[in-house]
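Here is what each chain is made of, one letter per residue.
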Amino acid sequence: MRLALPALPLADRAVVLMDGVACTGRTLVQAHRATLAAGAASVDAVVTPALFVGDALAQWRSAGVRQVWRSGAMLHRTVVVPLAELIRGAVRAF
């Protein structure tokens, strides 16, 4: 896979990558490295959903991704948008 960043000024900026589906994390690792190479001061990631297949989270950490935030219905230390309460409320209202 070839990854191309948009032509945006990234030098000395804190960047947050958004990933629609994260399984192995390889795309996020490539995007992270490319973003740093473009001069970003830091790179964090938001993923939804994040499946964390195999060593995905470890790969992100080893690539230097500082924070990984995700939405999800399952408990995990990276879930910052818990969906369980939203789903339960929607079901009760139905």
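It should be emphasised that the depicted structure is a prediction, and the values quoted were computed from it without experimental measurement.

### Looking at helix H1 (residues 26–37)
End to end, H1 covers 17 Å across twelve residues, agreeing with the expected 16 Å (1.5 Å per residue, within 8%). For H1, the full list of buried residues reads Leu-28, Val-29, Ala-31, His-32 and Thr-35. The buried side chains of H1 occupy one side of the element, clustering within an arc of 165 degrees when seen end-on. Every exposed residue of H1 that faces more than 90 degrees away from the buried side is listed here: Arg-33 and Ala-37. In this fold, the buried residues of H1 make contact with strand S1 (14–19), strand S2 (42–47) and helix H2 (56–63). Following H1 by one or two positions, Gly-39 has its phi on the positive side, about 105 degrees.

### Describing unusual backbone geometry
Phi at Asp-12 is positive, roughly 60 degrees, even though this residue is not glycine. According to the relative accessible area criterion, Asp-12 is exposed, its value standing at 69%.

### A word on the pattern of salt bridges
With the rule as written, the count across this model stands at two salt bridges. Linking Asp-55 and Arg-26 is a salt bridge whose minimum nitrogen-to-oxygen distance equals 3.4 Å. Of this pair, Asp-55 sits in the loop between S2 and H2 while Arg-26 sits in helix H1, and the two are 29 residues apart along the sequence. Across the pair Arg-66 and Asp-44 runs a salt bridge, and its minimum N-O distance is 2.8 Å. Within this pair, whereas Arg-66 is found in the loop between H2 and strand S3 (68–72), its partner Asp-44 is found in strand S2, the two being separated by 22 residues in sequence. Given the relative accessible area of 47%, Arg-66 is considered partly exposed. For Asp-44, a relative accessible area of 5% corresponds to the buried category.

Rules of the game
Residues numbered from 1 in each chain as written. Predicted model: local features only at pLDDT ≥ 70, side-chain atom pairs only at ≥ 80, totals over all residues. Heavy atoms only, no water. Helix = DSSP H or I, 4+ residues; strand = E, 2+ residues; numbered from the N terminus. Expected span 1.5 Å × (residues − 1). Buried < 20%, exposed > 50% of the residue type's maximum accessible area, 1.4 Å probe, protein only. Arc of directions from axis to C-beta. Contact = heavy atoms within 4.5 Å. Salt bridge = Lys/Arg side-chain N within 4 Å of Asp/Glu carboxyl O.

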